[in-house]
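# Descriptive structure summary
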Amino acid sequence: MSAFDAPQFTDETKAREYLEAIRWPDGPVCPHCGSLEGAYRLEGKKHRPGLLKCKDCREQFSVTVGTVFERSKIPLTKWVLATHLMCSSKKGISSHQIARTLGVTYKTAWFMTHRIREAMAPAKDAGPLGGEGKTVEADETYLSKSPKTRKPAGLPLGAKPAPQVFSLVERGGNVRSMYLDDKNIRGALVQHLHEASRLVTDGSNVYKAQVVNHESVDHSKYEWARGDVHTNTLENFFSIFKRGLIGTYQHMDKKHLNRYLAEFDFRRNNRVKLGINDAQRTAIALKGIEGKRLTYRSPDETQTAPLTQG
Ligand SMILES: [Zn+2]
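Residues numbered from 1 in each chain as written. Predicted model: local features only at pLDDT ≥ 70, side-chain atom pairs only at ≥ 80, totals over all residues. Heavy atoms only, no water.

Four donors placed tetrahedrally about a metal ideally form angles of 109.5 degrees, and six donors placed octahedrally ideally form angles of 90 or 180 degrees. Around the zinc ion, the protein supplies Cys30 (SG), Cys33 (SG), Cys54 (SG) and Cys57 (SG) as donor atoms, at distances of 2.3 Å. Each of the four donor atoms around the zinc ion contributes to a set of angles spanning 107 to 116°, which defines the coordination as tetrahedral. Donor residues for the zinc ion sit on one chain with the sequence pattern C-x2-C-x20-C-x2-C. Taken together, the positions of Cys33 in the loop between helix H2 (12-23) and strand S1 (39-41) and Cys54 in strand S2 (residues 52-54) put the pair 21 residues apart, joining distant regions of the chain. For Cys33, a relative accessible area of 40% corresponds to the partly exposed category. (Donors = N, O, S within 2.8 Å, 3.2 Å for Na, K, Ca; no water. Tetrahedral: all angles 85-135°; square planar, octahedral: opposite > 155°, others 65-115°. Helix = DSSP H or I, 4+ residues; strand = E, 2+ residues; numbered from the N terminus. Buried < 20%, exposed > 50% of the residue type's maximum accessible area, 1.4 Å probe, protein only.)

This is the structure in structure tokens:
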């Protein structure tokens, strides 16, 4: 039996039960009023499967209401399989591959993968990385196949600079990456680095005078590490997502870059070395489908349904 034959990937009822067990380990929670014990199931042919009704607020809901899976007619078996595929491939999986495996159109696969990336993104209240006694590495990199467009300085006339990515990683903790478009590194440090952290970077001027507790190595003087002052953790991470982004996501649009970065951050923060297997990583991603702000809609209105359809 292959992993794809697991019941939650082939049977819609099993998929719903699987998702309910992940989202509601202690029983259904009403997404409308937050009631923990007021819900009962609406059974019978009159109701679509998986529908519940809250005794407290009288509203109906299903396991996908209030999640990034809401308002889609895509079967849950396909949602959980797509999530599993994205969580179990180290360098990512293209929407074309998802489309072939699930038997859906490319457009639908694209829509699904972006919603799943939203689920993988950190919670809005995740807070800064680091803290007292914690060491955080910071570094930037340019996403380009061509060395000519990597650095803004010395660009050929008319060439656009490659997208710049900025990452922070707490040693022994999580990585967080972002596309630096209009935001600068100073702003990113204020938002994402706990001020009590010790920051280690390369010799780039942008970090000077930003953080009190700051040490750097000077790559221009061939100094790559001095004791534990180095950015090797991020160099390794950058090489993984560059191979993934350039190899798998050939038509990546800059405006979606933050969601791709969230996907790579998520897999790294929930990696095998931490004892997290593919099934557990999938469950962690599925827990994240709730309460995420949606920044885009389905590309195809025929795929959406009224709110109550869940
Ligand atoms: Zn309620």
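On to the sheet that holds strand S8 (residues 214-217), then. Sheets are built from strands that pair by backbone hydrogen bonding, the pairs being arranged parallel or antiparallel. Spatial ordering of the open sheet is given by S6-S5-S4-S7-S8, a layout of five strands whose pairing is mixed. Looking along the sheet, the strands with just one partner apiece sit at the ends: strand S6 (175-180) and S8. Averaged over neighbouring strand pairs, the angle between their axes works out to 20° when direction is ignored. Relative to strand S7 (residues 198-202), strand S4 (residues 135-142) runs parallel, the two sharing three bridges. Bridge assignment links Thr135 to a residue of S7, and that residue is Arg198. Each of S4, strand S5 (164-170), S6 and S7 touches helix H6 (residues 185-192); the most contacted strand, S5, lies at about 30° to it. Sheet contacts for helix H8 (residues 257-269): S5 and S6; angle to S6, the most-contacted strand, approximately 165°. (Pairing = 2+ DSSP bridges. Axes fitted to C-alpha atoms, helices over the stretch in contact; angles between N-to-C directions. Contact = heavy atoms within 4.5 Å.)

Here the focus is the packing of helix H5 (residues 106-120) against H8. Two numbers describe how H5 lies on H8: the axes approach to 8 Å, and their chain directions differ by 55°. In terms of orientation, H5 and H8 fall into the oblique class. As H5 packs across H8, the resulting crossing turns out to be left-handed. Seen from H5, the contacting residues are Trp110, His114, Arg117, Glu118 and Met120; seen from H8, they are Arg259, Tyr260, Ala262, Glu263 and Phe266. A per-class count over the contact of H5 with H8 returns five nonpolar, one polar and four charged. (Parallel < 35°, antiparallel > 145°, perpendicular 65-115°, else oblique. Left-handed = near helix turned anticlockwise from the far one by under 90°. Nonpolar A, V, L, I, M, F, W, Y, C, P; charged D, E, K, R; others polar.)

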